[in-house]
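Examining the three-dimensional arrangement
This is what each chain is made of:
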Amino acid sequence: MKTRLPPFWATLITLTRAEELFVQPMYDFTATPGVRGGLALLGDAATVARPHTGAGAVKALQDASLLETALRGSDGDLFGALGRYDAARSAAGSSMVELGRQLGRALVEATPEWGELSRNELDAWWHRADAAGVFGGRQLKE
């Protein structure tokens, strides 16, 4: 365990009684496409990003807003509306999943010795962790 976790966390887990420990698996997933035939996967059913992005509530609001926009402009064409929604959300969902994977690797699996990093080294590390430049959310286009 000491070789797999940062020192603070390894020590904390070592000091914790076995009956107090639990494991919370983390998953990520992207359904591509989210709409096919008579089946539609929307929101977290279509795209589940790791919590490292901190974007769950924002993603839910964006999903709902774009679904409403697609349905309001559908003129009764439900499948067309769902297809437009899927086209609008699939790229954003995929990038959030990839960002979660990158941040998970950077913040959990391969953390640097924070105290040893200079400001320039920290900036370079952060740039590598968010190479796509998507951390911090997206602006909805009307």
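For the structure itself, look to the data block above.
First things first, this report covers the structure right here in the doc. Predicted, not measured: the structure shown is a model, and the values here were computed from it.

The rules behind the values
- Residues numbered from 1 in each chain as written.
- Predicted model: local features only at pLDDT ≥ 70, side-chain atom pairs only at ≥ 80, totals over all residues.
- Heavy atoms only, no water.
- Helix = DSSP H or I, 4+ residues; strand = E, 2+ residues; numbered from the N terminus.
- Buried < 20%, exposed > 50% of the residue type's maximum accessible area, 1.4 Å probe, protein only.
- Polar contact = N/O pair within 3.5 Å; in protein donor to acceptor, adjacent residues only side chain to side chain.
- Axes fitted to C-alpha atoms, helices over the stretch in contact; angles between N-to-C directions.
- Left-handed = near helix turned anticlockwise from the far one by under 90°.
- Contact = heavy atoms within 4.5 Å.
- Salt bridge = Lys/Arg side-chain N within 4 Å of Asp/Glu carboxyl O.
- Phe/Tyr/Trp six-rings, centres within 6.5 Å; stacked < 30°, edge-to-face > 60°.
- Expected span 1.5 Å × (residues − 1).
- Arc of directions from axis to C-beta.

1. Some remarks on the environment of Leu 41
Among the secondary structure elements, Leu 41 is positioned in the loop between β3 (39–40) and β4 (47–48). Using a relative accessible area of 27% as the deciding quantity, one classes Leu 41 as partly exposed. On a C-alpha basis, the gap between Leu 41 and Arg 128 in space is 32 Å, while along the polypeptide they are 87 residues apart.

2. As for the side chain of Ser 95
Tracing the chain through its elements places Ser 95 in helix α3 (residues 78–109). Within polar-contact distance, the side chain of Ser 95 engages the backbone oxygen of Ala 92 at 2.9 Å.

3. What to know about the packing of helix α2 (residues 56–72) against α3
In contact at an axis separation of 9 Å, α2 and α3 are set at 145° when each is read in the N-to-C sense. Of the two possible hands of crossing, α2 and α3 adopt the one that is right-handed. In contact with Lys 59, Gln 62, Asp 63, Leu 66, Leu 67, Ala 70 and Leu 71 of α2, α3 contributes Leu 78, Ala 81, Leu 82, Arg 84, Tyr 85, Ala 88 and Arg 89.

4. What about the pattern of salt bridges?
According to the stated counting rule, one finds 10 salt bridges in the structure shown. The salt bridge partner of Glu 20 is Arg 17, with a shortest N-O separation of 3.3 Å. According to the relative accessible area criterion, Glu 20 is partly exposed, its value standing at 44%. Each of the salt bridges in this network shares a partner with another, and the network as a whole consists of Asp 44, Lys 59, Asp 63 and Arg 89.

5. Regarding the packing of aromatic side chains
This structure, assessed with the given rule, holds three aromatic pairs. Here Phe 8 and Trp 9 contribute two aromatic rings whose centre-to-centre distance is 4.9 Å and whose plane-to-plane angle is 80°, an arrangement assigned as edge-to-face. Accessibility expressed as a relative area gives 47% for Trp 9, which makes it partly exposed. Residues Trp 125 and Trp 126 carry aromatic rings whose centres are separated by 5.9 Å and whose planes lie at 40° to one another, so their mutual orientation is tilted. Exposure remark for Trp 125: the relative accessible area of 9% places this residue in the buried category. Counting every residue linked through ring pairs, the aromatic cluster contains Trp 114, Trp 125 and Trp 126.

6. Considerations on unusual backbone geometry
Here the phi dihedral of Asp 75 falls at roughly 50°; this positive angle occurs in a residue that is not glycine. The exposure class assigned to Asp 75 is exposed, which follows from its relative accessible area of 80%.

7. Topic: α2
Helix length check: α2, at 17 residues, gives a terminal C-alpha distance of 24 Å against a target of 24 Å (1.5 Å per residue), a fit within 8%. Those residues of α2 lying buried are Lys 59, Gln 62, Asp 63, Leu 66 and Ala 70. With its buried residues spanning 105° around the axis, α2 presents them on a single face. Set apart from the buried face of α2 by more than 90 degrees, the exposed residues are Ala 57, Leu 61 and Arg 72. Structurally, α2 contributes buried residues whose contacts are with β4 and α3.

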